[in-house]
Amino acid sequence: KPGEQVENGGAEGGPKKEEDDEEISVAEKALLQKIVRKGLIENKNDIEVQRKDPSSPLYHVKTFEAMNLKPALLKGVYAMGFYAPSKIQETALPTLLADPPQNMIAQSQSGTGKTAAFVLAMLSRVDTTKDYPQVLCLSPTYELAIQTGEVAARMASYDPDIKIRFAVRGEEVNRGEKITEHIIIGTPGKVVDWALKFRFFNLAQITVFILDEADVMIATQGHQDQSYRIRKGLTNPNLQIMFFSATYDEEVMEFAEAIVSNPVIIRLKREEESLDNIKQYYVQCKDKEEKYQAISNIYGVITIGQAMIFCRTRQTSMWLAEKMKKDGHAVAMLSGELTVEQRIAVLDRFREGKDKVLITTNVLARGIDIEQVTIVVNFDLPVDMKRQADCDTYLHRIGRTGRFGKAGIAINLVDGSESFAVLKQIEQHFGKKIMKLDSEDVDEIE
Ligand code: ADP
């Protein structure tokens, strides 16, 4: 379908849904999503194979042992705590590791194991007897490149002969020097400089080319053109191309087809979210102050698990965070004025469970799945620009996919007739009752 961009709950591209007062780039969202991820996202859907080479049937391999990996790499995989391949890995890895090499375009949401798959494939292809770059991995940003490099270094820790070099800002090569590392992980601009301008390495010697986070790549000015320039220099007859994206739409697929010739195309659709297993409540309040009081009353209950509190504006979220802190409640806040490093630190602490409550605004949280959250508080109900219920955002915040058997709780704070009407719209849309809760009597929450 044209313009289909369901993977992030329609997060990017479309019209803004609320009075957003802070922006976050697609690249940063992808990074934050990685930071907050605890482990693999399971997905009950089947892999869709959209195109394959009829002469070599696609097969699935259910164990890492059956993939004929080098022993040191198998050891590295186990040391990372991976016991069995993820769904996308079961299908992608046999193709990525096959001989003769095959090109692949793979799409699945963030957290499904794409990075681990291509890192394993690229490490397997390295010939450490040759001291020049053979693998080139393009990432859209400095931070994403570093994340990938860290995975590669960990997975290669039992094969210390494999050397990796980052081509990112801050890294320099002396004029006239030739790069001897086997793997280059970098951003397009720096790679263009190193390969085409200064010739620190020879693109024609690259036998594995990975383009990661393709959807983020095309959202960044200039990256697509730089990718094409790099692609042109990749003339090795044995070149294998691996192309990955978290989302799927026409633009990404056009980019993919322009980069990758004769690909096997696989896709794992995101699981539908639902409100089954979610207990939904609302608390009737008079105003903002009463909403605050309601949160204070239920603080003890919401901190049994981990909770997120959504506010419509940054102003409200800052006000709430200040007030809660003053009252001695431990809360963290994710907001627009933090630096990237600070945001990473906030999400790191939340992932580790050091903070139990995270206050945020819509924009920052939209499209970031924080799966360990068991309680969601809508300090403000999600509405669109016409102040009607934004049911998609509601579902994305609160809904769970089939894999979560465990129950979740949603608490909606309502003040005034307008927000009560929004609540009723949401109730009607999903056909599920939202129960009234007396915040003085939180024992009702199970
Ligand atoms: P993606 O690139 O699709 O976002 P990643 O490769 O980063 O996914 O994997 C998501 C998370 O799952 C990471 O924390 C990673 O360490 C973990 N992971 C990846 N593959 C496996 C596996 N086979 N078994 C267990 N955990 C895995």
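Everything that follows concerns the structure shown earlier in this document.
Throughout what follows, the structure given in this document is the object of discussion. (Residues numbered from 1 in each chain as written. Predicted model: local features only at pLDDT ≥ 70, side-chain atom pairs only at ≥ 80, totals over all residues. Heavy atoms only, no water.)

As for the sheet that holds strand 12 (residues 332–334)
Then step 1. Taken in spatial order, the 7 strands line up as 12-13-11-14-16-10-17 in an open sheet, and their pairing is parallel. The sheet terminates laterally at strand 12 and strand 17 (435–436), the two strands that pair on one side only.
Then step 2. Sitting on the sheet, helix 14 (residues 391–398) touches strand 10 (278–285), strand 11 (307–311), strand 14 (375–378) and strand 16 (408–415), and the angle it makes with strand 14 is about 150 degrees. (Pairing = 2+ DSSP bridges. Helix = DSSP H or I, 4+ residues; strand = E, 2+ residues; numbered from the N terminus. Contact = heavy atoms within 4.5 Å. Axes fitted to C-alpha atoms, helices over the stretch in contact; angles between N-to-C directions.)

Quick notes on the environment of Cys137
Then step 1. Within the element layout of this structure, Cys137 appears in strand 3 (residues 135–138).
Then step 2. Here the alpha-carbon distance between Cys137 and Leu211, two residues 74 residues apart in the chain, equals 6.0 Å.
Then step 3. Apart from the residues lying within four places of it in its own chain, the contact partners of Cys137 are Phe118, Thr148, Ile184, Ile185, Gly186 and Ile210.

Description of the packing of helix 6 (residues 188–197) against helix 8 (residues 223–233)
Then step 1. Contact pair helix 6 / helix 8: the axes reach a minimum separation of 9 Å and the direction vectors enclose 30 degrees. When the axes of helix 6 and helix 8 are compared, the pair comes out roughly parallel. Crossing angle aside, the handedness with which helix 6 passes helix 8 is left-handed. Facing Pro188, Gly189, Val191, Val192 and Leu196 of helix 6, the residues of helix 8 in contact are His223, Gln226, Ser227, Arg229 and Ile230. (Parallel < 35°, antiparallel > 145°, perpendicular 65-115°, else oblique. Left-handed = near helix turned anticlockwise from the far one by under 90°.)

Comments concerning the pattern of salt bridges
Then step 1. Evaluated as defined, the whole model comprises 17 salt bridges.
Then step 2. The salt bridge partner of Arg165 is Glu181, with a shortest N-O separation of 3.5 Å. Placement of Arg165 in strand 4 (residues 164–167) and of Glu181 in the loop between strand 4 and strand 5 (183–186) is noted, with a sequence separation of 16 residues between them.
Then step 3. Arg165 gets classed as buried once you look at its relative accessible area, which sits at 14%.
Then step 4. On the accessibility criterion, Glu181 (16% relative accessible area) is buried.
Then step 5. Residue Asp415 pairs with Lys291 through a salt bridge whose shortest N-O separation is 3.7 Å. With Asp415 in strand 16 and Lys291 in helix 10 (residues 288–302), the pair connects residues that are 124 residues apart, well separated along the chain.
Then step 6. Residues joined in a network through salt bridges with shared partners are Asp348, Arg351, Glu352 and Lys354. (Salt bridge = Lys/Arg side-chain N within 4 Å of Asp/Glu carboxyl O. Buried < 20%, exposed > 50% of the residue type's maximum accessible area, 1.4 Å probe, protein only.)

Regarding the site of the ligand
Then step 1. For the ligand, the set of nearby residues contains 18 residues, the closest of which are Ala84, Gln89, Gly111, Lys114 and Thr115.
Then step 2. The separation between an oxygen atom of the ligand and a polar side-chain atom of Lys34 is 3.4 Å.
Then step 3. Interatomic distance of 2.9 Å between a side-chain N/O atom of Lys114 and an oxygen atom of the ligand.
Then step 4. A total of 560 Å² of accessible area belongs to the ligand in isolation, and the protein chains cover 81% of it.
Then step 5. Per element, the largest residue contribution to the shell around the ligand is 3 residues, and it comes from helix 4 (residues 114–125).
Then step 6. Here the shell around the ligand is built from residues that sort into 6 nonpolar, 9 polar and 3 charged. (Near = heavy atom within 4 Å. Polar contact = N/O pair within 3.5 Å; in protein donor to acceptor, adjacent residues only side chain to side chain. Areas by Shrake-Rupley, 256 points an atom, 1.4 Å probe, with all protein chains shown as cover. Nonpolar A, V, L, I, M, F, W, Y, C, P; charged D, E, K, R; others polar.)

Digging into helix 15 (residues 416–430)
Then step 1. Spanning 15 residues, helix 15 covers 22 Å between terminal C-alpha atoms, matching the ideal 21 Å at 1.5 Å per step.
Then step 2. Close packing links the buried residues of helix 15 with strand 10, helix 14 and strand 16.
Then step 3. Phi turns positive one or two residues past the end of helix 15, at Gly431, with a value near 60 degrees. (Expected span 1.5 Å × (residues − 1).)

Observations regarding empty space enclosed by the protein
The gaps left among the atoms become clear once a water-sized probe is rolled over them.
Then step 1. Under the definition given, this model contains 2 cavities of 30 Å³ or more.
Then step 2. Every residue lining the second largest cavity is listed: Phe64, Val77, Phe82, Gln89, Leu93, Ala116, Leu120 and Met155.
Then step 3. Those elements giving two or more residues to the lining of the second largest cavity turn out to be helix 3 (87–96) and helix 4.
Then step 4. For the lining of the second largest cavity, the per-class residue count stands at 7 nonpolar, 1 polar and no charged. (1 Å grid on protein atoms, 1.4 Å probe; cavity = no way out; pocket = protein on both sides within 12 Å on 5 of 7 lines; lining within 4 Å. Points joined across faces, edges and corners; volume = space filled by probe spheres on them.)

Regarding the sheet that holds strand 5
Then step 1. Taken in spatial order, the 8 strands of this open sheet run 1-8-2-7-6-3-5-4, and their pairing is mixed. Only two strands of the sheet have a single partner each, and these edge strands are strand 1 (47–51) and strand 4. Averaged over all pairs of adjacent strands, the angle between strand axes in this sheet comes to 15 degrees, irrespective of strand direction.
Then step 2. Relative to strand 8 (residues 263–268), strand 1 is paired through 4 bridges, and the arrangement is antiparallel. Paired with Val49 across the bridge in strand 8 is Ile266.

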